[in-house]
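What follows is each chain in one-letter form.
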Amino acid sequence: YGGMGLDFSYNIAVAEELGNIRCGGIPMAIGVQIGMTTPALTRFGSDELKKQFLVPTIAGDAVACLGISEVGAGSDVANIKTTAMRKGDEYVINGGKMWITSGCQADWMCLLANTSKGPPHQNKSLICLPMNLPGIHIAKKIDKLGMRSSDTAQIFFEDVRVPSKNLIGEEGMGFTYQMLQFQEERLWGVASVLTPLENIIQETIEYTRQRKAFGQSILHNQAVHFRLAELATEVELLRSLLYRTLALYVEGNDVTKFASMAKLKAGRLAREVTDSCLQFWGGMGFTSEVLVSRFYRDLRLLSIGGGTDETMLSIICKYMETLPKK
């Protein structure tokens, strides 16, 4: 379908390299395109669907977005309310989606919707939804704290009709398919912050070496260079966890626990590194002229998007069997 037939480790290599872009929005948009909207289609979609949606997406001729979150259901995917009810050979879609990356410009959406009234983990399906259909309303482009080069949309659906053949895989399996997609999304997210964090630390070293206070460089203070050494160590530990998880995933193992651990650590470390380094930049760090202030805003999303830190902790607890049994 136009791809190179390589395993997922190459996606991670790409994500790391894209970290050299001096903002978070562009790598995120590419990640949505190749690691968040298309894994389920690649695994479970029909040949016809792959030719219609996957081929142009891989080629870069079509922009894709992922329609999961709603106003009342962010990390709580099972609680989504959007419906896609079967009528003849079509699904009729009603509801809305919120915080949709690339939603203002997308050509199609990988949509998760309720296709029956059964149990919440068994009544959902993934559907390839062209975004030019009647009844799709892009309500607004959301103004955000960070990731400002990435468009994020609120979208409503009113009696949107889509052919039933646009169903990805089996009806009712959407929740399961999406949980699998989340694994690749979370690993991509972890990989995408490694290089920015390294770059921020290095630029902070260079700046504090030049900047002087009380007759010596800021870097000469033990509190500063010890802290930077600690942060660099944490980044390398995160990289090791990612690579271990990646190796297991490529071998076909369930990496839900390790991927959740890596995502949790990445979100928290991104906040820790950018906050600590911004402090060492002093007043300059509070301006919009330096990289550290941009990533202070952009990387804050990692603890929220793709499952909050609290959701990651719940998943980890489940796999450690520390939660009360129902």
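Rules used throughout
Within every chain, residues take consecutive numbers counted from 1 along the sequence as written. Where totals are concerned, whole chains, interfaces and linings use all residues; where local detail is concerned, this predicted model gives features only for residues with pLDDT of at least 70, and gives and counts side-chain atom pairs only at 80 or more. Based on all heavy atoms of the structure, the side-chain values leave hydrogens and waters out of the count. Cavities and pockets were defined on a 1 Å grid built over protein atoms only: a cavity is a set of grid points that admits a 1.4 Å probe from which the probe cannot escape, a pocket is an open set flanked by protein on both sides within 12 Å along at least five of seven lines, and lining residues are those with an atom within 4 Å of any such point. Grid points are joined across faces, edges and corners, and a volume is the space filled by probe spheres set on the points. A run of H or I in DSSP counts as a helix once it spans at least four residues, and a run of E counts as a strand once it spans at least two, with each numbered from the N terminus. Charged residues are taken to be Asp, Glu, Lys and Arg, nonpolar residues to be Ala, Val, Leu, Ile, Met, Phe, Trp, Tyr, Cys and Pro, and polar residues to be all remaining types, Gly included. UniProt positions are given in the numbering used here, feature names are shortened, and annotations may be inferred rather than shown by experiment. Two rings belonging to Phe, Tyr or Trp (six-membered ring only in the last case) form a pair when the distance between their centres is within 6.5 Å. Interplanar angles under 30 degrees mark stacking, angles over 60 mark edge-to-face geometry, and anything in between is tilted. Each residue is placed in one exposure class: buried if its accessible area under a 1.4 Å probe, protein chains only, is under 20% of its type's maximum, exposed if it is over 50%, and partly exposed if it falls in between. Counting as a charge over the ring demands two things of the Lys NZ or Arg CZ atom: a distance within 6 Å of the ring centre and an angle within 35 degrees of the ring normal. Note that domain bounds follow an automatic or database assignment of domains. Throughout, a residue-residue contact means that at least one pair of heavy atoms, one from each residue, lies within 4.5 Å. By buried area we mean how much accessible surface two parts lose on assembly, using a 1.4 Å probe and totalling the loss over both. Whenever a carboxyl oxygen of Asp or Glu lies within 4 Å of a side-chain nitrogen of Lys or Arg, that contact is scored as a salt bridge.

## A closer look at the layout of surface pockets
One simple way to see leftover space: roll a probe sized like a water molecule over the atoms. If you add up the space inside the second largest pocket, you get close to 710 Å³. Taken together, 21 residues line the second largest pocket, and the ones lying closest to its centre are Gly3, Met4, Leu6, Asn11 and Ile34. Put simply, the parts of the chain that give the lining of the second largest pocket at least two residues each are helix H1 (8-18), helix H2 (25-36), helix H3 (39-44) and helix H4 (47-59). The class makeup of the residues in the lining of the second largest pocket is 10 nonpolar, eight polar and three charged.

## A short note on the UniProt feature "domain: Acyl-CoA oxidase/dehydrogenase middle" (unreviewed entry) in the protein
Under the UniProt annotation, "domain: Acyl-CoA oxidase/dehydrogenase middle" (unreviewed entry) lies at residues 65-160. Taken end to end, residues 65-160 has its terminal C-alpha atoms 17 Å apart, with 0% of it in helix and 51% in strand.

## Some points on the packing of aromatic side chains
Both the distance between ring centres and the angle between the ring planes are used here to describe each pair of aromatic rings. Taken as a whole, this structure holds four aromatic pairs when the rule is applied. Centre to centre, the rings of Phe44 and Tyr177 are 4.0 Å apart; their planes meet at 15°, and the pair counts as stacked. On the criterion of sequence distance, the pair formed by Phe44 in helix H3 and Tyr177 in helix H5 (residues 174-210) is long-range, its members being 133 residues apart. Between the aromatic rings of Phe53 and Trp108, the centroid separation amounts to 5.2 Å while the plane-to-plane angle is 50°, which identifies the pairing as tilted. Of this pair, Phe53 sits in helix H4 while Trp108 sits in strand S4 (residues 108-114); the two residues are 55 residues apart in sequence, bridging distant segments of the chain. Residue Phe53 shares its accessibility class with Trp108, and that shared class is buried. Looking at Arg86, its charged tip hangs above the ring of Tyr91, at a distance of 5.4 Å from the centre.

## Some remarks on the domain arrangement of the protein
Along its sequence, the protein is carved into domain 1 (37-165) and domain 2 (176-320). Here the C-alpha centroids of domain 1 and domain 2 sit 29 Å apart. Taken together, the contacts link 16 residues of domain 1 with 16 residues of domain 2. When the two sides are added together, the surface that domain 1 and domain 2 hide from each other amounts to roughly 1300 Å², 65% of it contributed by carbon and sulfur. Where domain 1 packs against domain 2, one counts one salt bridge. Glu184 is paired through a salt bridge with Arg43; the nearest N and O atoms lie 3.2 Å apart. Ranked by residues supplied to the side of domain 1 that touches domain 2, first place goes to H3 with four residues. In terms of residue class, the side of domain 1 that touches domain 2 is built from 10 nonpolar, four polar and two charged.

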